[in-house]
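# Structural overview
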Amino acid sequence: MICLGIESTAHTFGAGIVTDSGKILANIKDIYVPKKGGIHPREAAEHHTQACGTVLQDALTTAKIKLSDINLVTFSQGPGLPPCLRIGAVFARTLGLRLGIPIIGVNHCVAHIEIGNLTTGLSDPVTLYVSGGNTQVIAFTEGRYRIFGETLDNGIGNILDQFARAAGLPHPGGPKIEQLAQKGSYIILPYVVKGMDLSFGGILSEAVRKFVAGEKIENICYSLQENCFAMLTEVVERAVAHTDKTEVLLTGGVAANKRLQEMLRIMCAERGVKFAVVPAEFAGDNGAMIAWTGLLAYKAGQRQTIANTQIRPKWRTDEVDVAWKV
Ligand code: ATP
Ligand code: FE2
């Protein structure tokens, strides 16, 4: 069985082609980069409309298959920005109807975990999913992926990007901040963990305030990373202790950060827990993760009618029936 996965929740329009044995035949993406400022949902949707045909064609060419070889079409049904989600949903419905094949809507956050398991060989981890828009600590218990901790305001990637913008650094801010941090030393910033949840807004305000007051940017970048990543590591550690899981998975665009990886690796080594980072190609938003998760659902018996494919912009991770894991 060959499955096509369409991703379009935010910046990325992606098409992935995966077989039911977990072989990834293609994973093509085209990312909308705003000319200035943050993501504008309608402009991102316009980008996806322009990009979808070429991305699909590239994926078919890479996988060396024809459109008619596809047996299942899957798409990101949510959570995400409604105008962006709509493009992916319409594209997937059109393909499904034209090819006369089944369609499955996939939860984007769950897909990040499942592609992580496929590409790292872990099976039941505590997952730290850190991207622009999302920051969640997730583990599977009692039939569902449960959120053990999450941000109370913005995603960590978003916070890094916002600081970068305020300091005149290029977008995306994460990689540039990581680079500057290597030459910095610690200054005091807030550290905000509330129970198992995190809040980054106050840290961002203070970092910007210190920048405006003339503090060295290297020091702010270093301290921003140290505090935010230590907060994340603390919550992951408590989730591991609470669930008794023996694996930790790091995914999302921010997973590329070496300092965050190092903190988690040390914590896991101290607890005797396995640690894996999802390869960069599959850590950011991509179509292969949607294809693979859709396949898992389909093979577990999930079926969906076209009428059931409305987008779900606020679809929470813990609302998903994970039939394939029970
Ligand atoms: P989602 O829809 O899941 O929220 P997204 O559209 O934000 O995803 P991703 O590719 O998952 O996209 O993540 C992008 C984020 O990753 C940006 O905020 C960027 O600054 C951050 N990032 C990328 N590389 C690094 C790095 N080396 N260190 C820290 N952050 C990074
Ligand atoms: Fe994502």
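Residues numbered from 1 in each chain as written. Chains lettered and ligands numbered in written order. Predicted model: local features only at pLDDT ≥ 70, side-chain atom pairs only at ≥ 80, totals over all residues. Heavy atoms only, no water.

## Re the coordination of the iron ion (ligand 2)
Octahedral metal centres with six donors ideally show angles of 90 or 180 degrees, and tetrahedral centres with four donors ideally show 109.5 degrees. Around the iron ion (ligand 2), the protein contributes the donor atoms His-108 (NE2), His-112 (NE2), Tyr-129 (OH) and Asp-285 (OD), at 2.0 to 2.5 Å from the metal centre. Overall, the relative accessible area of 16% leaves Asp-285 in the buried class. (Donors = N, O, S within 2.8 Å, 3.2 Å for Na, K, Ca; no water. Buried < 20%, exposed > 50% of the residue type's maximum accessible area, 1.4 Å probe, protein only.)

## Examining the packing of helix H7 (residues 217–243) against helix H8 (residues 258–271)
One can describe the packing of H7 onto H8 by two numbers: an axis separation of 9 Å at closest approach and a directional angle of 30°. In this view, H7 runs roughly parallel relative to H8, as classed from their interaxial angle. Here H7 and H8 pass one another in a crossing that is right-handed. From H7, Gln-225, Glu-226, Phe-229, Ala-230, Leu-232, Thr-233, Val-236, Glu-237, Val-240 and Ala-241 reach across to H8, where they touch Arg-259, Leu-260, Met-263, Leu-264, Met-267 and Arg-271. (Axes fitted to C-alpha atoms, helices over the stretch in contact; angles between N-to-C directions. Helix = DSSP H or I, 4+ residues; strand = E, 2+ residues; numbered from the N terminus. Parallel < 35°, antiparallel > 145°, perpendicular 65-115°, else oblique. Left-handed = near helix turned anticlockwise from the far one by under 90°. Contact = heavy atoms within 4.5 Å.)

## Observations concerning the layout of surface pockets
Estimates place the volume of the second largest pocket at around 270 Å³. Looking at the second largest pocket, it is lined by 16 residues, and the ones nearest its centre are Gly-105, Gln-302, Gln-304, Arg-312 and Trp-315. Sorting the residues of the lining of the second largest pocket by element identifies strand E5 (103–107) and helix H10 (287–299) as the ones contributing at least two each. With three residues, E5 is the largest single contributor of residues to the lining of the second largest pocket. (1 Å grid on protein atoms, 1.4 Å probe; cavity = no way out; pocket = protein on both sides within 12 Å on 5 of 7 lines; lining within 4 Å. Points joined across faces, edges and corners; volume = space filled by probe spheres on them.)

## What to know about the site of ligand 1
Near ligand 1 you find 24 residues, and of these Tyr-129, Ser-131, Gly-132, Gly-133 and Asp-161 are the closest. In the environment of ligand 1, an oxygen atom lies 2.7 Å from a nitrogen or oxygen atom belonging to the side chain of Ser-131. At 3.1 Å from an oxygen atom of ligand 1 is found a main-chain nitrogen or oxygen belonging to Gly-174. Protein burial of ligand 1: of its 650 Å² of free accessible surface, 86% is covered by the chains. (Near = heavy atom within 4 Å. Polar contact = N/O pair within 3.5 Å; in protein donor to acceptor, adjacent residues only side chain to side chain. Areas by Shrake-Rupley, 256 points an atom, 1.4 Å probe, with all protein chains shown as cover.)

## Quick word on the sheet that holds E5
Pairing in this open sheet of five strands is mixed, and the strands run E3-E2-E1-E4-E5 from one edge to the other. Looking at the sheet topology across the chains shown, the edges are occupied by strand E3 (24–31) and E5. Averaged over all pairs of adjacent strands, the angle between their axes in this sheet comes to 20°, without regard to strand direction. Alignment of strand E1 (residues 2–7) against strand E4 (residues 72–78), held across four bridges, turns out to be parallel. Bridge pairing links Ile-6 to Phe-75 in E4. Relative to E3, helix H1 (residues 41–63) is tilted by about 155°, and along the sheet it contacts E1, strand E2 (12–19) and E3. (Pairing = 2+ DSSP bridges.)

## Thoughts on the packing of aromatic side chains
What characterises a pair of aromatic rings is the spacing of the ring centres plus the angle enclosed by the ring planes. All told, the structure shown has three aromatic pairs when counted by the stated rule. Between Phe-140 and Tyr-145, the ring centres sit 5.3 Å apart and the planes meet at 70°, which makes this aromatic pair edge-to-face. According to the relative accessible area criterion, Phe-140 is buried, its value standing at 10%. Its relative accessible area of 2% is what places Tyr-145 among the buried residues. Each ring, one from Phe-163 and one from Phe-211, has its centre 6.4 Å from the other, and the planes form 85°; the classification is edge-to-face. Of this pair, Phe-163 sits in helix H4 (residues 156–166) while Phe-211 sits in helix H6 (residues 201–212), and the two are 48 residues apart along the sequence. (Phe/Tyr/Trp six-rings, centres within 6.5 Å; stacked < 30°, edge-to-face > 60°.)

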